[in-house]
Amino acid sequence: MNSRIRISVIITNILSIAFILKAITVLIAQQKLEATIENPGFHIGVLFSYMANLLFFVSGMLAFFTEGKYYQKSIKILYIALLSWIIFVFFRTGGSISDPGSFMAVKGVGPFLGMSILFAAKTDRFLKIMKLLLWIGLILAIGGVFNTVKLGGGFARMTAQMQLRLIALNLVWLSPLILFFNYKKYKIISLSIFGLSFIFSLLIVTRSFLLIHVMVFLFFYRIVLKKKIGVLITVLAIALVALIFIAPQISAVQNAINLLNERGNEDSRSVQIILFLENIDFNDFIWGSGIDSTWRWGSRNYAWLDNQVLLTAWWAGIFAITTYLTLFIKPIYNFLFKKDVNPQLKGVSFMLFLWILALLGFGVYLTISSSLYHFTLCFAMGFLLQITKLKSLFKHAV
C-alpha cells in the first residue's frame, strides 16, 4: 500500500469516527436537553462533540493538502479566506482558545474549522459515509421512537421538544441524503428513517420541517425515481384520509395535529427581524459585532435570531456570510438547474438549496454550528464541488 492510499484510508477512518461521535453526541444531548437548559454545564456529550470537531478538522486538513487537486483553486481560496476572517473576528472581539465553549460555539471558530471536511468528499469516500449515515440515521430514529413512547398523549409542545427536538433537527437534513443514496439497496430502512423523521417533526409541531419533508419526498418521487406526479398525489391523498381516521386513535398524533392547527397563523419571525434591524448598529455588518454581541428584544438582551444569514452577517460581518453562501451556491448552480444531471447529484444540490432557504428563515432551531447536520451538509457540498472539478478535468482531457 503506497503512502497516498494509506493517507486516504486514514482520512476515511478519522471521518467515520467523527460522524459516529457526533451521532452519540446527539443522543446524549437529547437526553440531557431539559437539564442543560435549566442548568447549563459540561457533560460527556460535550466532550464527544469536541473530539468529533477535532477529528473533522484533522480529516479535512489532511484532505486539503493531499487531495486538494480535486477542487478548484477558487474554492480553496474562498474557504481559507472565510476561516481567516472568522478567526480574526473571534480574537478581535475577545475570544480565546483557552475557552473551548466559545471557540466551538455558533459564534466561534469551530463550525468553520469543521467545514474543512468539504475537501475530504472524494466520491468513493462520500458513498462510504452515506452508507454509514444509513446506520447512524437508524440509531437516531430508534432513539426518537423510545423518546416518543415517553410522551404519551396530551403533551405540551415544549414537552415534545425536550424529548425529540435534536433528533428531529438532525434527521430532517440527514434522512433525505440517506434516502437518495441508500434507497436501491435498503428501501425499507431508508424509507422508515425518512418516515420517522417526518413523524418526529409532526410531534414537535415544526411547520418548516414538515414542509421540507414534503418537498423532499416530491422531489425524490419525481426526479430520483422518475415517477409520474399524478400517482404520487393519489397515494398522498389516500395517506391523508388514512391519517384523518387513524389520528384520533393515536393520542400523541392527534395532540400534535391540534397543536399544529393552533400554530397555523403564527408569524413571530417577521416581528423579530424588524425589531432586530431597529436595534442594531449597521456598521456591525462590516466588521462584525463579535462573539458576545446581543440586541435588545423587549426587556432582555438577546444573542440569537431566527435568520442565520442575518445573524452571521451581524456577528461575523457581511464578508463571512457572503463567502459561506458562495461555497454552497456554486454547486447548486452547477447541478440543480441543469438538464442531464445524475438524479442523486440533483438530490444533493436540492438539499443544499433547502439549506440556504432555511438559513434565510425558512427553518427553525438550525444554526451554522459544529453539529452533525451542518457538517454533513458541508461534506455533501464538497462532494458536488469535487464532481465539478473532475468534470472540468475530463472535459479538458478530451
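That block above? That's the structure.
Not measured: the values here are computed from a predicted model.

### A closer look at the packing of helix α4 (residues 73–92) against helix α16 (residues 318–335)
Direction vectors running N to C along α4 and α16 enclose 150 degrees, while the axes themselves pass 9 Å from each other. By the angle between their axes, α4 is roughly antiparallel relative to α16. Considering how the two elements wind past one another, α4 and α16 form a crossing that is left-handed. Residue-level contacts link I75, L78, Y79, A81, L82, W85 and I86 of α4 to F319, A320, T323, Y324, T326, L327 and K330 of α16. A class-by-class count of the residues in the contact of α4 with α16 yields eleven nonpolar, two polar and one charged.

### With respect to the packing of aromatic side chains
What characterises a pair of aromatic rings is the spacing of the ring centres plus the angle enclosed by the ring planes. Considering all chains together, one arrives at 35 aromatic pairs under this definition. Grouped by ring-pair contacts, the aromatic residues F19, F56, F126, F181, F375, F379 and F383 constitute a single cluster. Against the face of Y365 rests R165, its NZ or CZ located 5.1 Å from the ring centre. Between the NZ or CZ atom of K187 and the centre of the ring of Y183, over which it lies, the distance is 5.3 Å.

### Observations concerning the packing of helix α7 (residues 123–151) against helix α9 (residues 187–203)
Direction vectors running N to C along α7 and α9 enclose 40 degrees, while the axes themselves pass 9 Å from each other. In terms of axis orientation, α7 runs oblique to α9. Crossing of α7 against α9: the hand is left-handed. Where α7 abuts α9, its residues L134, W135, G137, L138, A141, G144, V145, T148 and L151 lie against I189, S190, I193, L196, F200 and L203. Considering only residue class, the contact of α7 with α9 consists of eleven nonpolar, four polar and no charged.

### What about the nonpolar core?
Membership of the largest hydrophobic core comes to 118 residues, with the highest contact counts inside it found for F19, W173, Y324 and F379. Among the elements that take part in this core, helix α8 (residues 157–182) stands out by supplying 15 residues, more than any other. Not counting residues up to four positions away in its chain, the partners in contact with W173 are I212, M351, L354, W355, A358, L366, Y373 and L377.

### Comments concerning the pattern of salt bridges
As enumerated under the stated definition, the model contains two salt bridges in all. Residues E67 and K122 are paired through a salt bridge, measuring 3.8 Å at the closest nitrogen-oxygen approach. Of this pair, E67 sits in the loop between α3 (44–66) and α4 while K122 sits in the loop between α6 (110–114) and α7, and the two are 55 residues apart along the sequence. Exposure remark for K122: the relative accessible area of 15% places this residue in the buried category.

### Details of the side chain of S208
By the element assignment, S208 lies in helix α10 (residues 207–224). Owing to a relative accessible area of 6%, S208 belongs among the buried residues under this scheme. With near-sequence residues (within four places) excluded, S208 lies in contact with R269, F362, G363 and V364.

Calculation criteria
Residues numbered from 1 in each chain as written. Predicted model: local features only at pLDDT ≥ 70, side-chain atom pairs only at ≥ 80, totals over all residues. Heavy atoms only, no water. Axes fitted to C-alpha atoms, helices over the stretch in contact; angles between N-to-C directions. Helix = DSSP H or I, 4+ residues; strand = E, 2+ residues; numbered from the N terminus. Parallel < 35°, antiparallel > 145°, perpendicular 65-115°, else oblique. Left-handed = near helix turned anticlockwise from the far one by under 90°. Contact = heavy atoms within 4.5 Å. Nonpolar A, V, L, I, M, F, W, Y, C, P; charged D, E, K, R; others polar. Phe/Tyr/Trp six-rings, centres within 6.5 Å; stacked < 30°, edge-to-face > 60°. Lys NZ or Arg CZ within 6 Å of the ring centre and 35° of its normal. Core = buried A, V, L, I, M, F, W, Y, C linked by side-chain atoms within 4.5 Å. Buried < 20%, exposed > 50% of the residue type's maximum accessible area, 1.4 Å probe, protein only. Salt bridge = Lys/Arg side-chain N within 4 Å of Asp/Glu carboxyl O.

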